[in-house]
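Overview (structure and organization)
As a plain string of letters, each chain reads:
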Amino acid sequence: MTTTTAASSYLNTLLAPGPKLLRTSLRLDAVITGVNGLAYLALSGPLETLLGLDTRIGIPIGIFLTLYGIAVALISTPAAINTGLVRTVITGNVAWAVISLAALIEGALEVNTIGGVWTVMQAATVGGFAALQYLGLRRNK
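Scoring rules and cut-offs
Residues numbered from 1 in each chain as written. Predicted model: local features only at pLDDT ≥ 70, side-chain atom pairs only at ≥ 80, totals over all residues. Heavy atoms only, no water. Helix = DSSP H or I, 4+ residues; strand = E, 2+ residues; numbered from the N terminus. Buried < 20%, exposed > 50% of the residue type's maximum accessible area, 1.4 Å probe, protein only. Areas by Shrake-Rupley, 256 points an atom, 1.4 Å probe, with all protein chains shown as cover. 1 Å grid on protein atoms, 1.4 Å probe; cavity = no way out; pocket = protein on both sides within 12 Å on 5 of 7 lines; lining within 4 Å. Points joined across faces, edges and corners; volume = space filled by probe spheres on them. Nonpolar A, V, L, I, M, F, W, Y, C, P; charged D, E, K, R; others polar. Salt bridge = Lys/Arg side-chain N within 4 Å of Asp/Glu carboxyl O. Patch = residues over 30% accessible without salt bridge, like charges linked within 9 Å, V, L, I, M, F, W, Y side chains within 5 Å. Expected span 1.5 Å × (residues − 1). Contact = heavy atoms within 4.5 Å. Polar contact = N/O pair within 3.5 Å; in protein donor to acceptor, adjacent residues only side chain to side chain. Lys, Arg positive; Asp, Glu negative; His and termini not counted.

With that out of the way, let us pick up the overall build of the chain. A tally of helices and strands in the chain yields six helices and zero strands. Mapped in sequence order, the helices and strands of the chain form the string α-α-α-α-α-α. Per-residue burial for the chain yields a buried fraction of 34% across its 141 residues. Taken as a whole, the chain presents about 8,300 Å² of accessible surface, with 72% of it coming from carbon and sulfur.

In this structure, the largest pocket spans a volume of roughly 540 Å³. Listing elements by their share of the lining of the largest pocket, those giving two or more residues are helix 2 (18–42), helix 4 (58–75), helix 5 (83–106) and helix 6 (113–139). The dominant element in the lining of the largest pocket, judged by the number of residues it contributes, is helix 6, at eight residues. Each residue belonging to the lining of the largest pocket can be placed in one class, and the counts come to 16 nonpolar, nine polar and one charged.

Here the focus is unusual backbone geometry. A positive phi angle, close to 50°, is found at Glu 110, a residue other than glycine. Position of Glu 110 relative to the elements: it lies in the loop between helix 5 and helix 6. Residue Glu 110 is classed as exposed on the basis of its relative accessible area, which comes to 66%.

Now for the pattern of salt bridges. Taken as a whole, this structure holds one salt bridge when the rule is applied. Here Asp 54 ties to Arg 56 by a salt bridge, and the two come within 2.8 Å at their closest N and O atoms. We classify Asp 54 as partly exposed; its relative accessible area is 36%.

Right, let's get into the environment of Ala 124. As for its placement among the helices and strands, Ala 124 is situated in helix 6. By relative accessible area, which is 53% here, Ala 124 ends up exposed. Sequence separation of Ala 124 and Val 98 is 26 residues, and the distance between their C-alpha atoms is 9.6 Å.

This brings us to a nonpolar patch on the surface. Nonpolar side chains collect at one region of the surface, where Leu 38, Leu 41, Ile 59, Ile 63, Leu 67, Ile 70 and Leu 74 lie side by side and expose about 640 Å² of accessible area between them. Secondary structure elements with two or more residues in the nonpolar patch: helix 2 and helix 4. Looking at the element boundaries, Ile 70 is found in helix 4.

Now for helix 5. With 24 residues, helix 5 ought to run about 34 Å at 1.5 Å a step, and its terminal C-alpha atoms sit 34 Å apart, in line with that. Among the residues of helix 5, those classed as buried are Val 86, Val 89, Ile 90, Asn 93, Ala 97, Ser 100 and Ala 103. The inward-facing, buried residues of helix 5 abut helix 2, helix 4 and helix 6. For helix 5, the capping residue at the N-terminal end is Asn 82, with a side-chain oxygen 2.8 Å from the backbone nitrogen of Gly 84. At the exit of helix 5 stands Gly 107, carrying a positive phi of roughly 85°.

This part covers the side chain of Arg 23. Tracing the backbone through its elements, the reader meets Arg 23 in helix 2. No salt bridge is formed by the buried Arg 23; the nearest opposite charge belongs to Asp 29, separated by 14 Å. A polar contact of 2.9 Å, which involves the side chain of Arg 23, links it to the backbone oxygen of Ala 79. When near neighbours in sequence (up to four residues on either side) are disregarded, Arg 23 contacts Ser 76, Thr 77, Pro 78, Ala 79 and Ile 81.

The following block contains the structure:
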């Protein structure tokens, strides 16, 4: 029953008017991005090893993701969300997804198989956030 309720809740959010979808997608983006950033900060060594990342990249990624997550959370807070800032978030998310995949394809990341799968999964997730935010923005008009 819990699974049905959760699925129904997600479906209701996707079908919701623009403001609810926009706020929910921004907040979900903020939480996932922030937690990811904190994980990179707290576990940079093990994550770098697991993903095959250069040992100098975990902390900078963690700092960026944590700050980005905080910024997105702040953008989602006001009663009237600033659409210009939302467009910036959408652009940032699309850029992150595209650049991540391009870097993986070009071999610039030099990650192992787990890192490659992780890169594709996070690019899809970030691209999904951008799509939901765009849909929420379009419905918000």
